[in-house]
Every structure is written in C-alpha cells, then in structure tokens.
Amino acid sequence: MKLTIKQQRFIEYVDNENKKKIDIHDVNEMFKTIILNLFRAYLTSEKDDDRIEAASLISRIHPKYRNKIKIWDVLDGTTLREDIKESIRIKNRTNIHSQKNRHGNGEFDSMTYEEWEETLEHFGHACAYCGAKGKMSFDHVHPFSKGGDFIKANIIPACLSCNCSKQAHDIGEWYQSKSFF
Ligand SMILES: [Zn+2]
C-alpha cells in the first residue's frame, strides 16, 4: 500500500508510542495500544493476505469501543471497505461453493430466517461497516446485480444509513462521508 504523508506520520507516532512503557493493568492504555498497532499492521502489511486479515480484525472491533477510536481518518475508507468484504468472501468461499453445488439445478437457495438470526448474532447485532446498532438491512457481499445470491454466506448486516447512503454514492465517497470515518 502506498502511504500518504499523514499515514507515514501515524506510523512514526505508533513506533514512538511503542517505545514507551505501558501499564498492562490500565485497560484504556492497553486498548489504545492494541488499536494503534492494529491500524499500523493494516497500513504496513506487505502481503494482501495480511492486510485483509488486519481489516477483518478491524471490522470486529466491538461497537461499544468503535466510537472511542478517533483515528479512523488515517485509514483509506475505500480500501478498508473492500478488504473487509474480501475477508468475508474468503471465509465464505467454501460455503458458497458447496451451496452452489448442492443447488446446481438453478433452484433459488434463499437464506432462512434462522440463518439471518445467526448472521446477526455473529456480527453482534450491529452494522458490519460502522458498528451501529438498531434496525439492520441485508447487504450483499458479492453484489446482487453481479450475480450474488441471497444466501447466508453472501449476506451481512448493514444499518439503514450505510445501506441506503451507499447505493446513492460512489463507494469511495460513501465511506469517507460517513461520520465514523
Ligand atoms: Zn452502518
């Protein structure tokens, strides 16, 4: 990933912070250190796999802690969003493959209500992109318009704000226009 000046400064900042002694009993300090280094790992990973793994971890930060993080603007929203989606695709690849094989006859294999509940459970009943709670809508990982199926492996929860605003805008603009970014 080609780093912007802002990102390079951020990495220098984290490297300096890492030289300081931290109190491992101070939960806030530990949280800050982990997040800083997770963001650093995301920005500096040389292999795509590593970057996607870091993106996956970033997407799993509990909604409760998301709004405490003030450094989202150091990440590029478009890339992060694509990496999060890719991490979900990789995780689901075998799953989608087996589903397609089972229904090779073209039969529509729709997600069940129970599967949607499981998906919500998996994402902590929060939006997969911004972590907001509340009413969730379906978001296709592989776009419906490009043949993505309405099956469990291809559906993640998105809050109405993310899902609606996303459709109206270019994806890059969309992520950056969100308040959490
Ligand atoms: Zn959202």
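Above this text you will find the structure in question.
Residues numbered from 1 in each chain as written. Predicted model: local features only at pLDDT ≥ 70, side-chain atom pairs only at ≥ 80, totals over all residues. Heavy atoms only, no water.

1. So, the pattern of salt bridges
1) Next: For the structure on display, the rule yields seven salt bridges.
2) Next: Among the salt bridges present, the one from Lys20 reaches Glu17, with a minimum N-O distance of 2.8 Å.
3) Next: Since its relative accessible area comes to 52%, Lys20 is described here as exposed.
4) Next: When its relative accessible area of 18% is taken as the criterion, Glu17 is described as buried.
5) Next: Where Glu17 meets Lys32, a salt bridge forms, and the shortest distance between an N and an O atom there is 3.7 Å. (Salt bridge = Lys/Arg side-chain N within 4 Å of Asp/Glu carboxyl O. Buried < 20%, exposed > 50% of the residue type's maximum accessible area, 1.4 Å probe, protein only.)

2. A look at the nonpolar core
Buried together is how nonpolar side chains tend to be arranged in soluble globular proteins.
1) Next: Counting 35 residues, the largest nonpolar core has Phe39, Ile58 and Leu75 as the members making the most contacts within it.
2) Next: Those elements giving two or more residues to this core turn out to be α1 (5-19), α2 (27-44), α3 (48-59), α5 (77-102), α6 (113-122) and β2 (155-159).
3) Next: With six residues, α2 is the largest single contributor of residues to this core.
4) Next: Of the residues that make up this core, three or more belong to each of domain 1 (5-83) and domain 2 (108-176). (Core = buried A, V, L, I, M, F, W, Y, C linked by side-chain atoms within 4.5 Å. Helix = DSSP H or I, 4+ residues; strand = E, 2+ residues; numbered from the N terminus. Domains from an automatic or database assignment.)

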